[in-house]
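Examining the three-dimensional arrangement
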Amino acid sequence: MTSTGPLRDPAHRVSPKAVRLWLLESAIAFVLLVGGAVLAGVWVGGSGWPWVPQWLAGHPWLLPVIVGALATPFLAAEPFVRYAVHRWELSGDVVYARSGFLTREWVFVPVSRIQTVDKAQGWMERLLGLATLEIRTASHAGSSTIKGLDYQVAAGLAEQLAHRAEALRDDAT
């Protein structure tokens, strides 16, 4: 079968609560980046090393300010762009998922090849009522992960996929 045009978007978005999860993850990344820049500025600022630029040696507080200023737009926009991009769909006998922020990934997983379907929840996901659906096949390349689903949606989809995969395997024997 050949394609007659660009890939269409999968039908379903992830949960809007996923934006909160990704904002929380961005806030943690911001604290770690700026905190690391503060430590690096303190360490390098009073070192007297000749290879350290003069502006940094004399003003070590500039390093975390610059890191924060450069990271803030990216970390603030990333959750919203990620929400706009992440989608999924179960159509016929194929799970179609699209993800990716800087690079996009389209994954088609035939239900007949699914070996396991798992739900996973980190502590932040559990706090927000979200889950990650992990669809595994014998081939790593055919596996897929759908992050940011409402827990009930993930549970229902996992059950539906498990039943469909079992029915397709039984029909094939």
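A brief look at the structure comes next.

Conventions and cut-offs
Residues numbered from 1 in each chain as written. Predicted model: local features only at pLDDT ≥ 70, side-chain atom pairs only at ≥ 80, totals over all residues. Heavy atoms only, no water. Helix = DSSP H or I, 4+ residues; strand = E, 2+ residues; numbered from the N terminus. Rg over C-alpha atoms; globule rule 2.2 N^0.38 Å. Buried < 20%, exposed > 50% of the residue type's maximum accessible area, 1.4 Å probe, protein only. Contact = heavy atoms within 4.5 Å. Areas by Shrake-Rupley, 256 points an atom, 1.4 Å probe, with all protein chains shown as cover. Polar contact = N/O pair within 3.5 Å; in protein donor to acceptor, adjacent residues only side chain to side chain.

**Focus on the overall build of the chain**
Across its full length, the chain carries five helices and seven strands. Reading the helices (α) and strands (β) of the chain from amino to carboxyl end gives β-α-α-α-β-β-β-β-α-β-β-α. In terms of C-alpha radius of gyration, the chain reaches 22 Å, well past the compact-globule figure of 16 Å for 173 residues. Along the longest, intermediate and shortest principal axes, the C-alpha atoms of the chain span 75 × 40 × 25 Å. Put simply, the chain has 173 residues, and 35% of those count as buried. Long-range pairs, those at least 24 residues apart, make up 54% of the contacts in the chain between residues at least 6 apart in sequence. Split by element, the accessible area of the chain, about 10500 Å² in all, is 63% carbon and sulfur.

**Brief notes about the environment of R136**
If you trace the backbone, R136 turns up in strand β6 (residues 130-137). The spatial distance from the C-alpha of R136 to the C-alpha of W123 is 23 Å, given a sequence separation of 13 residues. In contact with R136, other than residues within four places in its own chain, are R113, I114, Q115, T116, D118 and S143. At 2.4 Å, the side chain of R136 and the side chain of D118 are in polar contact.

Just geometry here; none of it tells us what the structure is for.
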